[in-house]
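# Observations on chain architecture
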Amino acid sequence: KRKVKLQAMQYHLAASLPQELIETIDVRDSIPPSRHQIMEDRKKKSKILLTEDKRMIFKFSKALHEVESERNTVRRNLQNRLGIRSLPRSMCSPDVLPAMSSIIQQACTEFPRKANKIIANNGLSLFDFDILLERTQYDLFYRAHVNYHIGRLKRNPGGFDGKN
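Let us look at the structure shown here. (Residues numbered from 1 in each chain as written. Predicted model: local features only at pLDDT ≥ 70, side-chain atom pairs only at ≥ 80, totals over all residues. Heavy atoms only, no water.)

## Thoughts on the overall build of the protein chain
A tally of helices and strands in the protein chain yields six helices and zero strands. In the protein chain, the succession of α and β elements from N to C terminus is α-α-α-α-α-α. Counting only carbon and sulfur atoms, one obtains 55% of the accessible surface of the protein chain, whose full area is about 11,800 Å². (Helix = DSSP H or I, 4+ residues; strand = E, 2+ residues; numbered from the N terminus. Areas by Shrake-Rupley, 256 points an atom, 1.4 Å probe, with all protein chains shown as cover.)

## Some details on the packing of helix α5 (residues 126–138) against helix α6 (residues 140–155)
One way to put it is that α5 packs onto α6 with a least axis distance of 6 Å and a crossing angle of 115 degrees. As α5 packs across α6, the resulting crossing turns out to be left-handed. Packed against α5, whose contacting residues are L132, R135, T136, Q137 and Y138, the element α6 presents L140, Y142, R143 and V146 at the interface. Taken together, the residues that form the contact of α5 with α6 break down as five nonpolar, two polar and two charged. (Axes fitted to C-alpha atoms, helices over the stretch in contact; angles between N-to-C directions. Left-handed = near helix turned anticlockwise from the far one by under 90°. Contact = heavy atoms within 4.5 Å. Nonpolar A, V, L, I, M, F, W, Y, C, P; charged D, E, K, R; others polar.)

## Remarks on the packing of helix α3 (residues 56–82) against α5
To characterise two packed helices, one gives the angle between the axes of the helices and the distance between these axes. In the contact formed by α3 and α5, the axes pass within 11 Å of each other and the chain directions differ by 85 degrees. Classified by the interaxial angle, the pair formed by α3 and α5 is roughly perpendicular. In this structure, α3 contributes M56, F60, A63 and L64 to the contact, and α5 contributes F129, L132, L133 and T136. (Parallel < 35°, antiparallel > 145°, perpendicular 65-115°, else oblique.)

## Overview of the state of the cysteines
The tally for this structure, following the rule as stated, stands at one disulfide. Across a sulfur-sulfur distance of 1.9 Å, C92 and C108 are joined as a disulfide pair. Disulfide C92-C108: torsion about the S-S bond near -75 degrees, hence left-handed. In this pair, C92 sits in the loop between α3 and α4 (102–121) while C108 sits in helix α4, placing the two residues 16 residues apart along the sequence. Of the residues examined, C108 reaches a relative accessible area of 10% and is grouped as buried. (Disulfide = S-S within 2.5 Å. Buried < 20%, exposed > 50% of the residue type's maximum accessible area, 1.4 Å probe, protein only.)

These values are about where atoms sit, not about what they do.
This is the structure:
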């Protein structure tokens, strides 16, 4: 239904333009890919990332561990500063954030920058990190592999180089 409405709108726009302005309009090029196609493309991209760079899983595991450690540190610091036992999980949600204190608002706006820096320092782009993080949601073997490397990082934080 949505595609038909979009196509009708495009035909209407095309009909209202002067003919000399446009030669032809291929409507198929303007229809966004399906959700399934996007997911398949992202799965292919994650496989390419992991096969092209043999150390990618190590880089990703280290970045994920550091981002999660930073998130936990920020939450603990906020709890200590505000003197409260727990914070809502959705405290940084755009719907909830305006109702939060200025301290929480500041932490929620600073954290993404810190996370991006951590990701970049581990040799990943944010796009690649997101694709690999998404893969942990549907690939149980990959998730177990990442958890294995994170466990190694926790046991030996200074000596992990991803070579063994």
